[in-house]
Amino acid sequence: MLDSFTVGNTTFSSRLLVGTGKYASYNLMRDALVASKSDIVTVALRRAGTTQSEEDILNYIPDRMHLLPNTSGARNADEAIRIARMARELGCGDLIKIEVIQDQMYLMPDNLETIRATEVLAKEGFIVFPYMSPNLMDAKRLVDAGASCVMPLASPIGSNRGLEAKGLIEILINSIDMPIIVDAGIGRPSDATIAMEMGASAVLVNTAIATSSDPVGMAEAFYHAVEAGRKAYLAKCAPKKFVGSASSPLTGFLRK
Ligand SMILES: CC(=O)[C@@H](O)[C@H](O)COP(=O)(O)O
């Protein structure tokens, strides 16, 4: 079992956050969510409690999981605020992941509008999880605006390109006194391990699990990857050296 972490007033037992998009079926999604051992799942509000003709995705989310509605589809702060308020009215709770995106090619988040939305929603009592392009000054502005964590992207959503923003995320981890959840673009379990070894509080993964050949097996792999990375971080990795040094020194042996 992973050690817990807290965002706002909520403590999570797992440091792996998962998404609900791109699964071949809701049954497969549910099985992968269970296999991930995650206890927090993000869902686009536009997909929750949908039309009568479509089955409600919420019925396939295990009861024990915390719901993290997201504002996917919002193009500015006002739209994100409206979606967040709707989520709360629908009974989805106070957690909200803010995603504000205008760029349709790379799906880059708009940090400025995200900060604006965070300021309004935090004042209304929401526990705000803002998705952002990793930038130290903007991360500080998000904290000042009342964010409960910061979610820098590793690379574009759905790209599986991995930790392309590694160095910038490291700066946030070293400078921001708030949980850092690495979100988007994590393509392989090893990416998640590296993010956790660096000291990230958690990672969010969707596409890499949902679009693998075996989402249930991949969800299990991500569970172990996050656990391994966290344990390595706590155990503090040994320093790198430029030159070799014998792993089995001969000291302590009697030599003639
Ligand atoms: C589901 C969700 O919130 C995505 O917007 C998120 O950023 C995940 O990205 P990947 O699909 O690249 O894992």
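Sequence order sets the numbering: in each chain, residues are counted from 1 along the sequence as written. Whole-chain, interface and lining totals are the exception, using all residues; otherwise, since this is a predicted model, local features are given only for residues with pLDDT of at least 70 and side-chain atom pairs are given and counted only at 80 or more.

Asks: It is not clear to me how the overall build of the chain should be interpreted in this structure. Could you clarify?
Replies: In terms of regular secondary structure, the chain is built from eight helices and ten strands. With C-alpha atoms as the basis for the radius of gyration, the globule rule is written as 2.2 Å multiplied by the number of residues raised to the power 0.38. In terms of overall size, the chain behaves like a compact globule, its C-alpha atoms giving a radius of gyration of 20 Å where 256 residues would be expected to give roughly 18 Å. Principal axes of the C-alpha set define a box for the chain whose edges measure 85 × 40 × 35 Å. Three exposure classes are used. Buried residues have 20 or more other C-beta atoms within 10 Å of their own C-beta, exposed residues have 12 or fewer, and partly exposed residues fall in between, all C-beta atoms being placed from the backbone. Relative to its full complement of 256 residues, the chain shows a buried share of 45%. The secondary structure listing takes helices from DSSP runs of H or I that are at least 4 residues long and strands from runs of E that are at least 2 residues long, numbered from the N terminus.

Asks: Would you take a moment to explain the site of the ligand for this structure?
Replies: We call a residue near a molecule or strand when the C-beta position, derived from backbone atoms, sits within 6 Å of it. Within the structure, the ligand sits among 16 residues, and Gly-19, Ile-157, Ala-184, Asn-206 and Thr-207 are positioned closest to it. Classes in brief: Ala, Val, Leu, Ile, Met, Phe, Trp, Tyr, Cys and Pro nonpolar; Asp, Glu, Lys and Arg charged; the others, Gly included, polar. Across the shell around the ligand, the residue classes tally to six nonpolar, eight polar and two charged.

Asks: In this structure, what is going on with the packing of helix 3 (residues 111-123) against helix 4 (residues 136-145)? I would like to understand it.
Replies: Pairs of packed helices are described in terms of their axes, by the angle between the two and the distance that separates them. As a packed pair, helix 3 and helix 4 sit with axes 8 Å apart at the nearest point and diverge in direction by 15°. As far as their axial angle goes, helix 4 and helix 3 are roughly parallel. The two elements helix 3 and helix 4 cross, and the hand of that crossing is right-handed. Each of Asn-111, Ile-115, Thr-118, Glu-119 and Ala-122 in helix 3 lies in contact with helix 4, whose residues at this interface are Asp-138, Arg-141, Leu-142 and Ala-145. Residues of the contact of helix 3 with helix 4, tallied by class, amount to four nonpolar, two polar and three charged. In this analysis, axes come from line fits to C-alpha atoms, helices being fitted only over the stretch in contact, and the angle between any two N-to-C directions falls in the range 0 to 180 degrees. Should an angle fall under 35 degrees it is taken as roughly parallel, and over 145 as roughly antiparallel, whereas 65 to 115 is taken as roughly perpendicular and any remaining angle as oblique. Put simply, a crossing is left-handed when the front helix is turned counterclockwise from the back one by less than a right angle, and right-handed when it is turned clockwise. Think of it this way: build a C-beta for each residue from its backbone, and any pair within 7 Å is a contact.

Asks: Help me understand the UniProt feature "active site" (unreviewed entry) in the chain, please; the structure alone is not making it clear to me.
Replies: UniProt positions are given in the numbering used here, feature names are shortened, and annotations may be inferred rather than shown by experiment. Within this numbering scheme, the UniProt entry marks Lys-97 as carrying the feature "active site" (unreviewed entry). Relative to the helices and strands, Lys-97 resides in strand 6 (residues 95-98). If sequence neighbours within four positions are ignored, Lys-97 has contacts with Thr-42, Leu-68, Asn-70, Thr-71, Phe-129 and Tyr-131.

Asks: Quick question: what am I supposed to make of the UniProt feature "binding site: 1-deoxy-D-xylulose 5-phosphate" (unreviewed entry) in the chain here?
Replies: If you check UniProt for "binding site: 1-deoxy-D-xylulose 5-phosphate" (unreviewed entry), the listed places come out as Gly-158, Ala-184, Gly-185, Asn-206 and Thr-207 in our numbering. Annotated residues spanning 50 residues; largest pairwise C-alpha distance 8.7 Å, indicating a single compact cluster. Structurally, the position occupied by Asn-206 is in the loop between strand 10 (202-205) and helix 7 (207-210). Judged by local crowding, Thr-207 falls into the partly exposed class, with 18 C-beta atoms found within 10 Å. Each residue touching Thr-207, except ones within four places of it in the same chain, is listed here: Lys-22, Gly-158 and Asn-160.

Asks: Which parts of the structure should I look at to understand unusual backbone geometry?
Replies: With the exception of glycine, the majority of residues adopt a negative phi angle, and the majority of peptide bonds are in the trans configuration. The phi dihedral of Lys-22 falls on the positive side, at around 70°, and the residue is not glycine. Mapping Lys-22 onto the fold places it in the loop between strand 3 (16-19) and helix 1 (26-36). Its identity is not glycine, yet Lys-37 carries a phi of approximately 60°, on the positive side. Residue position: Lys-37 is located in the loop between helix 1 and strand 4 (40-44).

Asks: In this structure, what is going on with the nonpolar core? I would like to understand it.
Replies: The nonpolar side chains of soluble globular proteins are, as a tendency, buried together. Formed by 75 residues in total, the largest nonpolar core has its most connected members in Phe-129, Ile-181, Val-203, Val-205 and Phe-222. Here this core gets seven residues from one element, more than from any other, and that element is helix 8 (residues 215-235). Joined through C-beta atoms within 7 Å, a set of buried Ala, Val, Leu, Ile, Met, Phe, Trp, Tyr and Cys residues constitutes a nonpolar core.

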